[in-house]
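Coordinates in review
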Protein chains: 4
Amino acid sequence: MNTYGSRFRVTTYGESHGLAVGAIIDGCPAGLQIDMEAIRHDLSRRSYGAPRQEEDAVEWLSGIVDGVTLGTPLAFAVRNHNAKPGDYDALRHLFRPGHADYTYQTKYGIRDHRGGGRASARETVARVVAGSIAKQILKPIEINACVLRTGPELSNDTTGGVVECSIEHLQAGVGDPVFGKLGAQLAAAVMSIPSAIGFELGVGFDAATMAGSEYVDQWDSSADGTTVTNHCGGIQGGISNGMPVVFRVAFHPVVTLPQPIDCLSDTHNIETIVVNGRHDNRHIYRTPVIVEAMAALCLINAIS
Amino acid sequence: MNTYGSRFRVTTYGESHGLAVGAIIDGCPAGLQIDMEAIRHDLSRRSYGAPRQEEDAVEWLSGIVDGVTLGTPLAFAVRNHNAKPGDYDALRHLFRPGHADYTYQTKYGIRDHRGGGRASARETVARVVAGSIAKQILKPIEINACVLRTGPELSNDTTGGVVECSIEHLQAGVGDPVFGKLGAQLAAAVMSIPSAIGFELGVGFDAATMAGSEYVDQWDSSADGTTVTNHCGGIQGGISNGMPVVFRVAFHPVVTLPQPIDCLSDTHNIETIVVNGRHDNRHIYRTPVIVEAMAALCLINAIS
Amino acid sequence: MNTYGSRFRVTTYGESHGLAVGAIIDGCPAGLQIDMEAIRHDLSRRSYGAPRQEEDAVEWLSGIVDGVTLGTPLAFAVRNHNAKPGDYDALRHLFRPGHADYTYQTKYGIRDHRGGGRASARETVARVVAGSIAKQILKPIEINACVLRTGPELSNDTTGGVVECSIEHLQAGVGDPVFGKLGAQLAAAVMSIPSAIGFELGVGFDAATMAGSEYVDQWDSSADGTTVTNHCGGIQGGISNGMPVVFRVAFHPVVTLPQPIDCLSDTHNIETIVVNGRHDNRHIYRTPVIVEAMAALCLINAIS
Amino acid sequence: MNTYGSRFRVTTYGESHGLAVGAIIDGCPAGLQIDMEAIRHDLSRRSYGAPRQEEDAVEWLSGIVDGVTLGTPLAFAVRNHNAKPGDYDALRHLFRPGHADYTYQTKYGIRDHRGGGRASARETVARVVAGSIAKQILKPIEINACVLRTGPELSNDTTGGVVECSIEHLQAGVGDPVFGKLGAQLAAAVMSIPSAIGFELGVGFDAATMAGSEYVDQWDSSADGTTVTNHCGGIQGGISNGMPVVFRVAFHPVVTLPQPIDCLSDTHNIETIVVNGRHDNRHIYRTPVIVEAMAALCLINAIS
């Protein structure tokens, strides 16, 4: 399933070393003047410090005339200019530890071994473009994510971290009871980002060791629906309560190590190689804009 | 959206103090002899230590003849025998802190104020029945959840905790790339359980402070696809790798406190009341079977 | 798939000789006072002249307090009081010609042989209840269906016919381009009714032999968007144009003949039997209310 | 909704005079060697006799390496080489009779007035490519459509007709009871084709005037599940019975007349113009390949 959303549906495509990555956005309102500069800015946040420096130019194939949306599907393509498939020849018969090489091969019986193929974080280009448009439509709701903490910075190693995201000016009443709780929808949205490994809302895991009387967010004396604390992260019974929605996402370190690595071969041996591709030791600084994109795509679908 | 799943679709209904709670299960295979005793056992785990002691008898309305499924929708109802709506009259115009009272009223302009209505954990009866059937179909895959730790045990207060769930004997290749990653699907499934507030896969939030070389699960020397460690929790690139899938869910304490509580009134005052309903101070021991149910419903849909 | 709709989702259940038939309606707006008398009236239209005379009493299991909807799922059950399973014992190993006996057995490897089971038109009880609620919500849009013509009336035989349905006061702009054309959605809705075998919009099949200049609906001189003729049936490019939407549905005769019938046995013989069940020779008069129900369920989902 | 299907999902995009039309196909099996020549052949059937003669070259953006599918989304683009937007300047403020100009403008408040934009049959290019791949996967099932009859052939006018489609070698057991009847799914699929106005299965509308004893398909004496006649069109109770599935689709004449036409202006006048675009008087001969495509997309999703 390469589609996200029900009302504002984003269907992405593309392998990291194929011709292009991109998406079709279906359900974008008509008459919207798209801020292309905001999209470029978000794309540059996504490639910040990345070893693969290429300009991510978005080609719009449909759905826009004179910069204004028609209400029909927005299709776009971002070409993969800088692909060097040759870098990856050694990996054709090897499964790197920690990667999706083995699981893709098991699931599909075939894979694009060049740079991770569909499993590469290159795929998030399409999310960022779509998320940037969603953020424009959602205004005055503000979605901001930043790196809260990172792992140790070591030479010859990679680092993960935790990103915190806050959603301000979201009205009360967004989200659904039962299976479509807003927290569940946000969790699914951001846990689909490559290398995400944990999600928590409000005080999150700390809530497990708090007494109930300590945890409960008391009504503010203004009696206008605001609360003194925001332990719950702005969501009660799956529905936003008008306080800021706050959540955190844990990312594990990039698993492409700048070291010799022991791979499993398809002939059932262990082989040590050094990957000649480009490395990305501290990807955590590139994830906030992706977290924002997924939060925006989540919200624009949750708001009826 | 009160439906979970695409292939094995569970649509639940019911308020805690209405006539019944239940569900329609659509997509259950034909010819299955349902183990009703296993369902009863799981329902008793769900009501373990609950203050509202009633026998949760399942009435099957369709889809079964002589205990065998027809492939048509399984509809069932569990009557709410022990409802005491009178207990809740004081709450008609009040919004309890920490509850969904306020958010439901904002979203719908109306709510069933009796015992939480649709927001009550009574709704999970339907999930447990459906999950119990899913677990039967999934065998030999084993899904087991248990309480890993709880909050402080205090008189006159409530307690949360962390539940750990492991899925054994799951084949490699389950889950989807991009938006339908198995971890994202599991996160959405269990974060939809009332009072769930955090989710982590494998080492989870600890991964954020590990070096990449420490985090990466190395291939076992057997070269059969197993790994020495299981930091990733059995999922790589969104797809199961054949190792046990392990995740944890944090639950906040029950927000119905056995103490005087300060409510917001619909006339914008703060009013202190003592709730005469039945309390459930340590619900954490009732959640593992619900976690198992949601994991089972997630898996049965993810396995193609 | 026993669910119809995306916003106003109806999931039905029940076999004709099981305990009950019914549905869950998810997505019904909150605060709606349901007109129960209108539902009873539509149910009586559905059972008009039917040989199986039983009162179809609707038991509401959830979603309603004091006759007003809560915005939560509406679950209901209609008991099958008058079932006589014994009538059908002879059919356990036989497949009647023209029925779904053979196709169900092939698909599921099992079937409820009593009175058609899930394939019985008894299932349409749930559609009529849901459709009746949809019609209430859709007002002032008016949906009216009637029998346009019937087959020959012969003693000891059954009859089909054509039902015409018109939708008045539907605003322009309803329906989607491409796959979700309003005509396509209506076609799917009504072709799902038991014994429906043809659908046409506006002049329908006659359009195939008209010249283009004759077919095109010319603008009325009032220049307000109305047209002089309505050959297209009120839909252009898949979207309503403000004129009445008009369509017709062909129904084949009931295939349960009041005559000796030659059945296929599961041991590959042909056996002649006389079915002792209750017969329904002229069901065409019971179909308009079902056509209205499906048109209403279609529209309430198509109107955003 | 520009997506068709659940398992084999086709999401199309593109306006007739924009940069390109195309689609993303999600759910295509991995390891399939695509027959590109078959796609070219089907595209040439679609453009047979069309006034806009351009080579429909398919650019594959993702999902294929060395002509073999990866199991990831197949994205493709077909450029609109021959667009002459200038031809349509006169239509900017006019709504042609019989077209989707008025309904699009009402629905979206904006439209691409050039050659019909999204409402143009140019959009069917994407369906034909996807359908061609589906037909390859469905083999040995054979889907063949042909023109059964056409309207009068007049100079200076346009013509519609009826297309018949047969599906051979389809196993029994395909299709769903209740809302997902195979006939309903086929009806929705083909009624979504531009200018489709009627659908019938088997004997279709003629069934309305047959006696039941005449209509019922009797078992063949071979007692192998085949029937002597095939009035029902190969579907009983919504499920295929192993006989050929046969249906017909009525198409109205193209509404772009090669004559002066009276348009409604957005200032509420009637204005007579002569459209200088390219005309397509007898499009009926181009529709069979589109009917086949939609039948194939329907089947590949219906077969579990």
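Please refer to the structure placed before this passage.
Computed from a prediction, not measured in an experiment: that's the story for all the values here.

**Things to note about the overall build of chain A**
For chain A, the count of helices and strands is 6 helices and 16 strands. Residues classed as buried in chain A amount to 65% of the 304 residues present. Taking the intrachain contacts of chain A between residues at least 6 apart in sequence as the baseline, contacts between residues at least 24 apart amount to 69%. By element, 50% of the accessible surface of chain A is carried by carbon and sulfur atoms, the whole surface being about 9900 Å². Side-chain charges in chain A split into 24 positive and 32 negative, and the spacing between the mean points of these groups amounts to 6 Å.

**Quick word on the arrangement of the chains**
Separated in space, chain A and chain C share no contact, their closest pair of C-alpha atoms being 9 Å apart. Contact between chain B and chain D is absent, and the minimum C-alpha spacing across the pair is 9 Å.

**Focus on helix H3 (residues 124-138) of chain A**
In a regular helix each residue adds 1.5 Å, so 15 residues correspond to 21 Å; H3 of chain A covers 20 Å between its end C-alpha atoms and thus fits that length. Counting buried positions over the 15 residues of H3 of chain A gives 14, a clear majority of the element.

**Concerning the packing of aromatic side chains**
All told, the structure shown has 26 aromatic pairs over all chains when counted by the stated rule. Counting every residue linked through ring pairs, the aromatic cluster contains Phe95 and Tyr102 of chain A together with Trp219 of chain B. Positioned over the ring face of tyrosine 108 of chain B is lysine 107 of chain B, at 6.0 Å from the centre of the ring.

**So, the interface of chain B and chain C**
Facing 36 residues of chain B, the contacting portion of chain C comprises 36 residues. Taking both sides of the interface into account, the surface hidden between chain B and chain C amounts to around 2700 Å²; carbon and sulfur atoms contribute 65%. At the junction of chain B and chain C, the tally comes to 2 salt bridges. Between arginine 79 of chain C and glutamate 59 of chain B there is a salt bridge; the shortest N-O distance is 3.2 Å. At the surface where chain B touches chain C, the tally comes to 8 residue pairs in polar contact (both at pLDDT 80 or more). When residues of the side of chain B that touches chain C are traced back to their parent elements, those giving at least two are strand S2 (9-13), strand S3 (20-26), strand S4 (58-62), strand S6 (68-69) and strand S7 (74-79) of chain B.

**A few points about the relation of the copies chain B and chain C**
Between chain B and chain C, which share one sequence, the superposing operator has a rotation angle of 180 degrees and an axial displacement of 0.0 Å; the RMSD is 0.0 Å. Here the symmetry operator amounts to a two-fold rotation axis. Interface overlap between copies is the fraction of interface residues in one copy that are interface residues in the other; for chain B against chain C it reaches 100%, indicating a shared surface.

**With respect to the side chain of serine 195 of chain D**
Residue and element names in this part refer to chain D. Relative to the helices and strands, serine 195 is located in the loop between helix H4 (182-191) and strand S11 (196-201). The buried category is assigned to serine 195, whose relative accessible area is 16%. In this structure the side chain of serine 195 is engaged in a polar contact, spanning 2.9 Å, whose partner is the side chain of histidine 283. Dropping the residues within four chain positions of it, serine 195 is found in contact with Ala250, Phe251, His252 and His283.

**Overview of the relation of the copies chain A and chain B**
Mapping chain A onto chain B calls for a screw motion: a turn of 180 degrees about the axis and a shift of 0.0 Å along it, with 0.0 Å RMSD after fitting. A share of 100% of the interface residues of chain A reappears at the interface of chain B, consistent with the copies meeting face to face through the same patch.

**Observations regarding the nonpolar core**
Counting residues in each nonpolar core, the largest one holds 164 residues, and the members touching the most others are Phe247 of chain C together with Phe247 of chain D. Setting aside its immediate chain neighbours within four residues, phenylalanine 247 of chain C contacts Val163, Glu164, Cys165, Ile167, Leu186, Val190, Phe199, Glu200, Leu201, Val291 and Ala295 of chain C. Ranked by size, the runner-up nonpolar core spans 163 residues in total, among them Cys28 and Val162 of chain A together with Phe8 and Met210 of chain B.

**With respect to the sheet that holds strand S15 (residues 261-265) of chain C**
Residue and element names in this part refer to chain C. Strand order in the open sheet formed by 3 strands is S8-S15-S16, with antiparallel pairing between adjacent strands. Edge positions in the open sheet fall to strand S8 (94-95) and strand S16 (270-273), since each of these has one partner strand only. Sheet topology note: the S8/S15 ladder contains 2 bridges and is antiparallel. Bridge assignment links leucine 94 to a residue of S15, and that residue is serine 265.

**Remarks on the interface of chain A and chain B**
In this assembly, 95 residues from chain A lie in contact with 95 residues from chain B. Taking both partners together, chain A and chain B bury about 7000 Å²; carbon and sulfur atoms supply 68% of that area. Considering only the side of chain A, the residues that lose the most area to chain B are Phe179, Phe205 and Trp219 of chain A, jointly responsible for 13% of the buried surface there. Here aspartate 176 of chain A makes a salt bridge to lysine 107 of chain B, at a shortest N to O gap of 3.9 Å. For the side of chain A that touches chain B, the element with the highest residue contribution is helix H2 (residues 101-108) of chain A, accounting for 6 residues. Grouping the constituent residues of the side of chain A that touches chain B by class yields 47 nonpolar, 33 polar and 15 charged. Where strand S11 (residues 196-201) of chain A lies against strand S11 (residues 196-201) of chain B, 3 bridges are found, and the strand directions are antiparallel.

**Side note on the pairing of strand S16 (residues 270-273) of chain A**
Taken residue by residue, a regular strand's side chains alternate between the two faces of the sheet. Residues and elements named next belong to chain A. As judged from the 4 bridges shared by strand S15 (residues 261-265) and S16, these two strands associate in the antiparallel manner. Counterpart to leucine 264 in the pairing with S16 is isoleucine 270. In sequence, S15 turns back onto S16 through a hairpin of 4 residues, with histidine 268 there showing a positive phi of about 65 degrees.

**Points about the sheet that holds strand S16 (residues 270-273) of chain B**
Strand order in this open sheet of 3 strands is S8-S15-S16 (chain B), and the pairing throughout is antiparallel. Bordering the open sheet on either side are strand S8 (94-95) and S16 of chain B, each of which pairs with just one other strand.

**Concerning the pattern of salt bridges**
A full pass over the atoms with the stated rule returns 68 salt bridges over all chains. A salt bridge links arginine 111 of chain B to aspartate 101 of chain B; its shortest N-O distance comes to 3.9 Å. Here the residue arginine 111 of chain B occupies a position in the loop between helix H2 (101-108) and helix H3 (124-138), and aspartate 101 of chain B occupies one in helix H2, the gap between them amounting to 10 residues. Looking at arginine 111 of chain B, the relative accessible area reads 13%, which means it is buried. Aspartate 101 of chain B gets classed as buried once you look at its relative accessible area, which sits at 7%. One salt-bridge network, held together by shared partners, links Asp42, Arg45, Lys135 and Glu292 of chain A.

Parameters at a glance
- Residues numbered from 1 in each chain as written.
- Chains lettered and ligands numbered in written order.
- Predicted model: local features only at pLDDT ≥ 70, side-chain atom pairs only at ≥ 80, totals over all residues.
- Heavy atoms only, no water.
- Helix = DSSP H or I, 4+ residues; strand = E, 2+ residues; numbered from the N terminus.
- Buried < 20%, exposed > 50% of the residue type's maximum accessible area, 1.4 Å probe, protein only.
- Contact = heavy atoms within 4.5 Å.
- Areas by Shrake-Rupley, 256 points an atom, 1.4 Å probe, with all protein chains shown as cover.
- Lys, Arg positive; Asp, Glu negative; His and termini not counted.
- Charge placed at Lys NZ, Arg CZ, Asp CG, Glu CD.
- Expected span 1.5 Å × (residues − 1).
- Phe/Tyr/Trp six-rings, centres within 6.5 Å; stacked < 30°, edge-to-face > 60°.
- Lys NZ or Arg CZ within 6 Å of the ring centre and 35° of its normal.
- Buried area = accessible area lost by both parts, 1.4 Å probe.
- Salt bridge = Lys/Arg side-chain N within 4 Å of Asp/Glu carboxyl O.
- Polar contact = N/O pair within 3.5 Å; in protein donor to acceptor, adjacent residues only side chain to side chain.
- Least-squares fit on C-alpha atoms with pLDDT ≥ 70 in both.
- Core = buried A, V, L, I, M, F, W, Y, C linked by side-chain atoms within 4.5 Å.
- Pairing = 2+ DSSP bridges.
- Nonpolar A, V, L, I, M, F, W, Y, C, P; charged D, E, K, R; others polar.

Purely spatial values, then, with no claim about function.
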